[in-house]
4 protein chains.
Amino acid sequence: MREHHNTDYGRLIVQGADRPGIVSSVSGVLTEQGANIVSLDQYSTDPSGGRFFQRTVFHLEGLSARFDQLKAALDQKLTHELGLEFRLVEAKRRKRAAIFVSKADHCLLDLLWRVQRDEIAMTVPMVVSNHPDLGDAARQFGIPYFYIPVNKNNKTEAEKEQLNLLKGNVDLVILARYMQILSGEFLDEVGVPVINIHHSFLPAFMGAGPYQRAKERGVKLVGATAHYVTEDLDEGPIIEQDVIRVSHRDTVEDLQRKGADVERLVLARAVTWHCDDRVIRDGNTTVVF
Amino acid sequence: MREHHNTDYGRLIVQGADRPGIVSSVSGVLTEQGANIVSLDQYSTDPSGGRFFQRTVFHLEGLSARFDQLKAALDQKLTHELGLEFRLVEAKRRKRAAIFVSKADHCLLDLLWRVQRDEIAMTVPMVVSNHPDLGDAARQFGIPYFYIPVNKNNKTEAEKEQLNLLKGNVDLVILARYMQILSGEFLDEVGVPVINIHHSFLPAFMGAGPYQRAKERGVKLVGATAHYVTEDLDEGPIIEQDVIRVSHRDTVEDLQRKGADVERLVLARAVTWHCDDRVIRDGNTTVVF
Amino acid sequence: MREHHNTDYGRLIVQGADRPGIVSSVSGVLTEQGANIVSLDQYSTDPSGGRFFQRTVFHLEGLSARFDQLKAALDQKLTHELGLEFRLVEAKRRKRAAIFVSKADHCLLDLLWRVQRDEIAMTVPMVVSNHPDLGDAARQFGIPYFYIPVNKNNKTEAEKEQLNLLKGNVDLVILARYMQILSGEFLDEVGVPVINIHHSFLPAFMGAGPYQRAKERGVKLVGATAHYVTEDLDEGPIIEQDVIRVSHRDTVEDLQRKGADVERLVLARAVTWHCDDRVIRDGNTTVVF
Amino acid sequence: MREHHNTDYGRLIVQGADRPGIVSSVSGVLTEQGANIVSLDQYSTDPSGGRFFQRTVFHLEGLSARFDQLKAALDQKLTHELGLEFRLVEAKRRKRAAIFVSKADHCLLDLLWRVQRDEIAMTVPMVVSNHPDLGDAARQFGIPYFYIPVNKNNKTEAEKEQLNLLKGNVDLVILARYMQILSGEFLDEVGVPVINIHHSFLPAFMGAGPYQRAKERGVKLVGATAHYVTEDLDEGPIIEQDVIRVSHRDTVEDLQRKGADVERLVLARAVTWHCDDRVIRDGNTTVVF
């Protein structure tokens, strides 16, 4: 059974400076509160002086009713005594995600179809686009589609409009082949994680026309990278990557088509893991449990 | 740094019937004894009434000297109070493995080369074979080679001779393309895990000439499976699997050659994980942390 | 550019007993008729006494008008002089495919998305099902959906009804998770190739509940196989296969979900190649150019 | 059977500007000379005005004795009439390769094992190194090892010494983790193809410490690229690439170790294909048949 189908499952994500006894303290609090640990992943970059990460899934009868009390107990132990950060979530609370798109539909359709099958612990209250093209695709899944044109003159205004739509309504923004660069101000304001998908090659082909240039050097693999968006474009912490094999027979158009197949799978995996609270950011890297 | 290079690292493997509070109890004992948890993986098949598995790596200053005391404390808590099984090992103790071969050298050479680079936490006190062919290969790595011919008349005797060599000298037997079936008696007597590697196909082609028959049906993937040996030939719990892509241009000989490339990688991964105590057997399945 | 977007591209598929000079004869006829070879793949199982296969894509100005003349010239040379079989097709003629489904939508939707984007050189004049569930999914793409219930009492009749729908209207039948076994009579009557997709494991788990049994043995890979249907269920010539990695953390439901992701990719590739005339059947095997 | 085991097999590689009738002309000459085509791969970047590539394997009784006559006939037709370049080789003639190494042995040993098993149609008359470390490894396979120290003061001289060793003795140079940059003068003088292997990431991490920087961004795949060496370091036409999955648990050292496993497989495939004349260079790209 997927975790989010169980009303009494909770997740506790802990991170901070490593020191002896954290696992013991965390599990001690959970046990005292009557929770039973279902799974626990822990990782430390270095036991002396490193960074500590832990994801714990637990079962607690009547979790909703006892949530605040559990949170207070964890706060006392983890924040005040041990100086750690933690997040406590009920597994049944699906993340609310806005999906940003432009004209390409492959990532959007794949996500919406998986949400419809309840494969991803996510709801999609809105699709936002700088083009009108994918309105039917979104609405056919019963999802509102907001068309906000963006050009170099109205970008600040357009982003303000986007932020108004998002504010308080979403826990996540997914850039599903959204072909506009978000400003630093937008990223500061949005207040929720932003996940992007983009093509990747070994080696990278920077700048314009990467598929054309990959073709010209005879690359044998095309890939995709899903990452959290930071102000350094295409440079944020990586969540997931994958590749597909190509050959000299593939035209530039074929490379793009095969790239699209990888993009939708990689984005779907990254979003699924994020919504299951499996991904912990640590500076510019990630721990994926 | 690999775990086995650190003299103060230990590993604790726990398994048994799940019940509330195990993680907390285990980490409590470790903390009380002064150990710091470096990494912890835990998995439960079902939090109510399921099977519980945990692998913990910890650091404890002066581990060798305090090993017996720690073991006694764990025995008290885990065996007597909680009814669980556990194994406690020092990471620096490499597993001692006998490698059994016949005529094919690809798996043997790959393992010996990795051991020489200290990639696998293993020593190889002996290579045992039913053919003389690979003696030079083994001895070039400074490893004794014992040639024990096996035929249908002397099988019982030959296995007795093998058991005499192994008894007390090894923690693991690796069948690296050893083309004889070990008897149930041998497996009962040997007293250490036995890992085997064999080719695999989707779907399987049972019986003789599998590569020929795979070719005749146009298979597009050939693979390999590493597993613990049980009395059901080629049917024990699976440790690792992988595949490689083939085409109609590949002859039966090419399929075997590509299959060999997968075999050596899959076997090396399985053995590495086993020697790092990452693989927990549970009936006919495995948990690989 | 995809081949089927070019109105003057043709494909010539030749197969038969190998003998000296076939490539030369075939290319001679094409050149005499004014065609320019765009790509040519040839393969022979054994140059003396083996089977010969060739796929040639060519450009011929005004192909449609000159099709019959070219076909007659090839017939003279290939059939009568060299005793070979051949197929001549215009690349712009998309294959007409009936898609058979039951209740699972993943393969159906993936195919229809790709057809909508013109990624596959195929049209879908009908979806046929033994359940009513996927009617909306098909009709949303503007495709007629025919619901023909099948049970053990009406199977012969139901297949007759299916054959009536297909007769003359399709070039291909795709079983996209159609959970009924087609009778030998149906396969004899249908007169077009039938492609099926099914899950695959290394090793195979025959019979009921394969995912459950794969889980119980700790498999690390689940896969899918697309093949032409013959009277031996799940035993016809293989077109394409692929696998995805799984672990002990995956429940039986997770294995099925991951299996579904592989199934739709493998089926899409197999159908794309079939529609591009890249797959040549040879007894129970295939040559995929 | 591998092609190079058959004494009467030849290979003909043709490339040049595409024009109607090339395939027909080539196969016409072969047929006239009594050769039977075993396999033929052809590819054209664009049938009008593109570049044409063809690899043909043929069987000709008594090939050695008739080699010159066949070559003259091809020269007349291909060079003089059609303005194409061609190479004609006897499959039984193994390529002679010098392997350049520094201190890492993984690529060297993998190649030598495969040559010893006759998996690659290659002989290795020498191993050349700027360090003494791998002398035993090479000599244990019976191969001369030439230690030529290189530093910034003696580089010109050292390359001259290397060129003296190579001149006339090899058909190929393989850089199997040779950690010196070859000068433009060396590449101009050497007169044979040079194949290099290097690590690759998605995205690329240029400059020093790529594994460290890949780790810091949380990459999930590490890979390797085999390519022909040109004066643009690490920028020549790509022959083969592959990747392996990694996670946050992998240390920088683990990434390097896994990278090494990919490097040796990718280099072995690239060299095997080169020695089978499957790789055709075309400017900065390749066609791999």
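Every value quoted in this text rests on a predicted model; they were computed, and no experiment measured them.

For the rest of this paragraph, the subject is the pattern of salt bridges. Enumeration according to the criterion identifies 108 salt bridges over all chains in this entry. In this structure, Arg245(A) and Asp242(D) form a salt bridge, with 3.8 Å as the shortest nitrogen-oxygen distance. Placement of Arg245(A) in strand 11 (residues 238-245) and of Asp242(D) in strand 11 (residues 238-245) is noted, with the two residues assigned to different chains. Residue classification places Arg245(A) among the partly exposed positions, given a relative accessible area of 38%. On the basis of relative accessibility, which here comes to 23%, the residue Asp242(D) falls in the partly exposed class. Asp242(C) is the salt-bridge partner of Arg269(C), the closest N and O atoms lying 2.7 Å from each other. A residue pair is termed long-range when its members are at least 10 positions apart, and Arg269(C) in helix 8 (residues 252-275) and Asp242(C) in strand 11 (residues 238-245) qualify at 27 residues.

All names here are of chain A. Here strand 5 (residues 95-101) lies mainly inside the structure; 6 of its 7 residues are buried. As paired strands, strand 5 and strand 6 (residues 122-129) are joined by 6 bridges and run parallel to one another. Its bridge partner being in strand 6, Ile 99 is matched across the sheet by Val 127. A crossover links strand 5 with its parallel partner strand 6, the connecting element being helix 3 (residues 106-116), and its sense is right-handed. Relative to strand 8 (residues 172-175), strand 5 runs parallel, the two being bridged by 4 bridges. Along strand 8, the bridge assignment pairs Ala 97 with Leu 172.

Let us look at the pairing of strand 1 (residues 9-17) of chain C. Residues and elements named next belong to chain C. Counting buried positions along strand 1 yields 8 of 9 residues, so the element is predominantly enclosed. Alignment of strand 1 against strand 3 (residues 51-59), held across 9 bridges, turns out to be antiparallel. Bridged to Gln 15 within strand 3 is Phe 53. As paired elements, strand 1 and strand 4 (residues 85-90) share 6 bridges and run antiparallel to each other. Considered in strand 4, the bridge of Leu 12 is made with Leu 88.

The partner chain A presents 38 residues to the 38 residues of chain D that form the contact. When the buried area of chain D at its contact with chain A is split by residue, Leu202(D), Arg217(D) and His248(D) rank highest and sum to 25% of it. At the boundary of chain D and chain A, one finds 6 salt bridges. The residue Arg245(D) makes a salt bridge to Glu240(A) at a minimum N-O spacing of 3.1 Å. Scanning the region where chain D abuts chain A turns up 26 residue pairs in polar contact (both at pLDDT 80 or more). Elements with a contribution of two residues or more to the side of chain D that touches chain A: strand 2 (36-44), strand 9 (194-201), helix 7 (210-217), strand 10 (221-228), strand 11 and strand 13 (285-288) of chain D. Partitioning the side of chain D that touches chain A into residue classes produces 14 nonpolar, 12 polar and 12 charged.

A word on the environment of Ser44(B). Tracing the sequence through the fold places Ser44(B) in strand 2 (residues 36-44). When the C-alpha atoms of Ser44(B) and Glu61(B) are compared, they prove to be 30 Å apart, with 17 residues separating the residues in sequence. Among residues more than four places away in sequence, those in contact with Ser44(B) are Val38(A), Asp18(B) and Arg51(B).

Turning next to the domain arrangement of chain A. How big an interface is tends to be reported as the loss of accessible area on association of its parts. Residues and elements named next belong to chain A. According to the domain assignment, chain A consists of domain 1 (3-90) and domain 2 (95-288). On a C-alpha basis, the centres of domain 1 and domain 2 stand 31 Å from each other. Counting residues at the interface gives 13 residues for domain 1, matched by 12 residues for domain 2. Taken over both partners, the interface formed by domain 1 and domain 2 buries close to 1000 Å², and the fraction arising from carbon and sulfur atoms is 47%. Among the residues domain 1 hides against domain 2, the three largest losses belong to His 4, Phe 53 and Arg 55. Together they make up 43% of the total. On inspection of domain 1 and its partner domain 2, the count reaches 4 salt bridges. The partner of Asp 282 in a salt bridge is Arg 51, and the shortest N-O contact between them spans 3.0 Å. Between domain 1 and domain 2 we count 9 residue pairs in polar contact (both at pLDDT 80 or more) in total.

Scoring rules and cut-offs
- Residues numbered from 1 in each chain as written.
- Chains lettered and ligands numbered in written order.
- Predicted model: local features only at pLDDT ≥ 70, side-chain atom pairs only at ≥ 80, totals over all residues.
- Heavy atoms only, no water.
- Salt bridge = Lys/Arg side-chain N within 4 Å of Asp/Glu carboxyl O.
- Helix = DSSP H or I, 4+ residues; strand = E, 2+ residues; numbered from the N terminus.
- Buried < 20%, exposed > 50% of the residue type's maximum accessible area, 1.4 Å probe, protein only.
- Pairing = 2+ DSSP bridges.
- Right-handed = clockwise from strand over helix to strand, strands pointing away.
- Contact = heavy atoms within 4.5 Å.
- Buried area = accessible area lost by both parts, 1.4 Å probe.
- Polar contact = N/O pair within 3.5 Å; in protein donor to acceptor, adjacent residues only side chain to side chain.
- Nonpolar A, V, L, I, M, F, W, Y, C, P; charged D, E, K, R; others polar.
- Domains from an automatic or database assignment.

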